[in-house]
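Spelled out, the chains give:
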Amino acid sequence: MGSLLIPDVVPSPTQDAETLRKSFKGSFFGLGTDEKAIISVLGHRNASQRKKIKEAYQQLYDKSLIDDLHSELSGDFGKAVILWAYDPPERDARLANEVLINSWIRDEIARLQMIVEIACASTPDHLVAVRQVYCALFGCSLEEDIIAHVSLPVQKVLVSLVSSYRYDKELVDHSTANLEASKLREATRTKQLDSDELILILSTRNIHQLKATFRCYEQNYGFSIYQDISNSGEGPLESILKVVIWCIDSPEKHFAEVVKKSTDGLGTDEDSLTRAIITRAEIDMIKVKEEYFKKKNTTVEYAVADDTSGYYREFLMTLLGANE
């Protein structure tokens, strides 16, 4: 369940577009942008409603709402609002391109887990839409850029994951789960974590089937597959496979961990925090918040309030469904 709060009576897309245009007009006369008005509109509209607002804005003013947001907003607040304003497939395609092109970032796993999230914590149709938008925006496939910017063996895993189209209904074959649990166990036992069989299972089976396989693995061998992968080493392959397992088995735990890491210690990883909240606010943020509370014995809202400020904080809190 998502945390996004939508009013009982929603203004028409034309009214919302007019409100947003008025929020920009102050800057035309040196009075500044009305950020609160932007938050009150976009922070309380779902993806379908935001798309209609953008269409109405284009029709009314012959301008792109995204372009005007770029002109009017800056900093972490601007980045967050613009990401939220994109259609979800375009947002994820742009995020994927950013993390692939910025290969200079030292923490490779923190960079590449975004690709795993799209492939394993989204619906099959969303993944297809992301791939289509990626081609349209960047003139090449998502797979091509993974091959160009990610080294083996992680490259092999990511290409297989994003190329797959999983069956998305709740269908489980328990004999297959037992058989494939044994194949996964052989791969972890021999530390052959880039084996074709392991990657094929993780990238093609439906999510419900894989969850059953993971349960069989733990019941049959005494340890979870996550633990056995952890015991195999601490390299990039092991790390990315652990993200794969978590995004398949419990995406809410994965995103709770993303929030935790982004706010723990000195400084804040605003990009990761923004991504986690924006990508899950309409999906499962209520569960993410529950898992975060189990980890930290405090709320996501408290972490956001403590680590952010200004309109950026206000916008994230709005998406979290916090009290005004």
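Reading guide: rules and limits
Residues numbered from 1 in each chain as written. Predicted model: local features only at pLDDT ≥ 70, side-chain atom pairs only at ≥ 80, totals over all residues. Heavy atoms only, no water. UniProt positions renumbered as here; feature names shortened; annotations may be inferred. Axes fitted to C-alpha atoms, helices over the stretch in contact; angles between N-to-C directions. Helix = DSSP H or I, 4+ residues; strand = E, 2+ residues; numbered from the N terminus. Parallel < 35°, antiparallel > 145°, perpendicular 65-115°, else oblique. Contact = heavy atoms within 4.5 Å. Salt bridge = Lys/Arg side-chain N within 4 Å of Asp/Glu carboxyl O. Buried < 20%, exposed > 50% of the residue type's maximum accessible area, 1.4 Å probe, protein only.

For the protein, an unreviewed UniProt entry supplies the name Annexin and the organism Nicotiana attenuata. If you open the UniProt record of the protein and go to Sequence similarities (unreviewed entry), you find "Belongs to the annexin family."

## Quick notes on the packing of helix α19 (residues 300-307) against helix α20 (residues 310-319)
Closest axis-to-axis distance for the α19/α20 pair is 9 Å, and the angle between their directions is 170°. The orientation of α19 with respect to α20, classified from their angle, is roughly antiparallel. Of the residues in α20, those in contact with Glu301, Val304 and Ala305 of α19 are Arg313, Leu316 and Met317.

## A look at the pattern of salt bridges
The full count for this structure, using the stated rule, is 23 salt bridges. Here Glu282 ties to Arg50 by a salt bridge, and the two come within 3.0 Å at their closest N and O atoms. Here Glu282 is found in the loop between α17 (270-280) and α18 (285-296), whereas its partner Arg50 is found in helix α3 (residues 47-61), with 232 residues between them in sequence. Under the relative-accessibility criterion, Glu282 is labelled partly exposed at 30%. In this structure, the salt-bridge partner of Glu291 is Lys294, at a minimum N-O distance of 3.4 Å. Of this pair, Glu291 and Lys294 both sit in helix α18, separated by three residues, roughly a single helical turn. Since its relative accessible area comes to 64%, Lys294 is described here as exposed. Here the salt bridges share partners, and the residues they tie into one network are Arg21, Lys63 and Asp68.

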